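Chain by chain, the residues run as shown.
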Amino acid sequence: MSVLEVLTFPDPRLRKVSQPLKEVTAKSVRFAKDLVDTMYVEKGIGLSAPQVNRLERIICVDTRPRDKEGRYEITEMTELEQNLSEALKFPLVLFNPVVIGHEGSTSYDEGCLSVPGFYETVKGYDKISVGALSLAGDSITFEIDGLTSICIQHEIDHLDGKLFIDRLSLIKSNKIKNKIKKFGYPSKDSDEDDDELES
Ligand code: QAP
Ligand code: CO
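Below you will find a few notes about this structure.

So, how was this worked out
- Residues numbered from 1 in each chain as written.
- Chains lettered and ligands numbered in written order.
- Predicted model: local features only at pLDDT ≥ 70, side-chain atom pairs only at ≥ 80, totals over all residues.
- Heavy atoms only, no water.
- Near = heavy atom within 4 Å.
- Polar contact = N/O pair within 3.5 Å; in protein donor to acceptor, adjacent residues only side chain to side chain.
- Areas by Shrake-Rupley, 256 points an atom, 1.4 Å probe, with all protein chains shown as cover.
- Helix = DSSP H or I, 4+ residues; strand = E, 2+ residues; numbered from the N terminus.
- Nonpolar A, V, L, I, M, F, W, Y, C, P; charged D, E, K, R; others polar.
- Expected span 1.5 Å × (residues − 1).
- Buried < 20%, exposed > 50% of the residue type's maximum accessible area, 1.4 Å probe, protein only.
- Pairing = 2+ DSSP bridges.
- Core = buried A, V, L, I, M, F, W, Y, C linked by side-chain atoms within 4.5 Å.
- Contact = heavy atoms within 4.5 Å.
- Salt bridge = Lys/Arg side-chain N within 4 Å of Asp/Glu carboxyl O.

Right, let's get into the site of ligand 1. Taken together, 18 residues form the shell around ligand 1, and within it G44, I45, P116, G117 and Y119 come nearest. Within the backbone of I45, a nitrogen or oxygen atom sits 2.8 Å from an oxygen atom of ligand 1. Between ligand 1 and G117, the relevant distance is 2.7 Å, taken from an oxygen atom to a main-chain nitrogen or oxygen of the residue. Isolated, ligand 1 exposes 500 Å² of accessible area, and the fraction of that covered by the protein chains is 86%. Going through the elements one at a time, β3 (92–110) and α3 (146–159) are the ones with two or more residues in the shell around ligand 1. For the shell around ligand 1, the leading source of residues is α3, giving five residues. In terms of residue class, the shell around ligand 1 is made up of nine nonpolar, five polar and four charged.

If you want it as structure tokens, here you go:
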């Protein structure tokens, strides 16, 4: 298992457009596993290859509800999400993912491992159909809504060099970007439990 370094805004490498895979190879499957490991260690629900400095169209997503200890609960998934988790098995690994169709709109308080400590409400599609290649190299399509739909849209944006902070009003977007450029990110200790300081 390897845990890869996650690039953070304003790293210019996050702005590049990632290249599609010609085919699913053993090498791309090995890399996808490292991507998943990195997502879990960093406590994310989604991660894309360009965030770990690899410009390939690969994303992983695990939006199953988890409690504080990281154990899974079976509540709070939409019907489509439950169906998908049975059909495809989470964590989802998608090669060359594309949004084929969409329905409705929704907003969600999004964060990003490449913009740690910042959360803002972002608008996206409610329901999407997705086409991709699976870990086995099969062509797959599925419909999805809920958090999984939002997360897939967020991760596909990364493949095109886009971040959730680009999708805010210009005022909000510039405020966050300037703050990060000026002050950097809040230290890791500050978002951990306060009682850790006492023990
Ligand atoms: C994208 O983001 C996403 O700031 C995945 O300190 C997020 O996993 C899509 C994370 C929300 C939809 C809704 C962020 C971890 C994880 C942080 C993530 C942090 C620690 C972000
Ligand atoms: Co992100």
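Moving on: helix α1 (residues 26–41). Over its 16 residues, α1 extends 23 Å from the first C-alpha to the last, a length consistent with the 22 Å expected when each residue adds 1.5 Å. Along α1, the positions that sit buried rather than exposed are S28, V29, F31, A32, D34, L35, V36, D37, T38 and M39. One or two steps after α1, the chain reaches K43, where phi turns positive at roughly 60°.

Sheet topology places β3 next to strand β4 (residues 120–133); 12 bridges connect them, and they run antiparallel. Within the sheet, the bridge partner assigned to Y108 lies in β4 and is V122. Strand direction decides the pairing type here: β4 and strand β5 (residues 139–144), joined by six bridges, are antiparallel. If you follow L133 over to β5, its bridge partner there is S139. Hairpin connection, β4 to β5: the antiparallel pair is bridged by five residues, and G137 has positive phi, about 85°.

This part covers the nonpolar core. Side chains of a nonpolar character, in soluble globular proteins, are inclined to be buried together. Ranked by internal contacts, the top residues of the largest apolar core, which has 17 residues, are I59, L94, V130, F142, I144 and I152. Elements that contribute at least two residues to this core include exactly β2 (58–61), β3, β4, β5 and α3. Among the elements that line this core, the one with the most residues is α3, at four residues. If sequence neighbours within four positions are ignored, I152 has contacts with I59, V61, L92, L94, I128, V130, F142 and I144. If you look at the next biggest cluster of nonpolar residues, it comprises 15 residues, including V36, A49, V52 and C60.

Turning our eyes to something else, we now look at the environment of V52. With respect to the secondary-structure elements, V52 resides in the loop between β1 (46–48) and β2. Spatially, the C-alpha atom of V52 lies 10 Å from that of L113, the residues being 61 residues apart in sequence.

What follows covers the pattern of salt bridges. Taken as a whole, this structure holds nine salt bridges when the rule is applied. For K177, the salt bridge goes to D166, with nearest N and O atoms at 2.9 Å. Taken together, the residues span a long stretch of sequence, with K177 in helix α4 (residues 170–183) and D166 in the loop between α3 and α4 at a distance of 11 residues. According to the relative accessible area criterion, K177 is buried, its value standing at 16%. Linked by salt bridges that have partners in common, R15, D166 and K177 make up one network.

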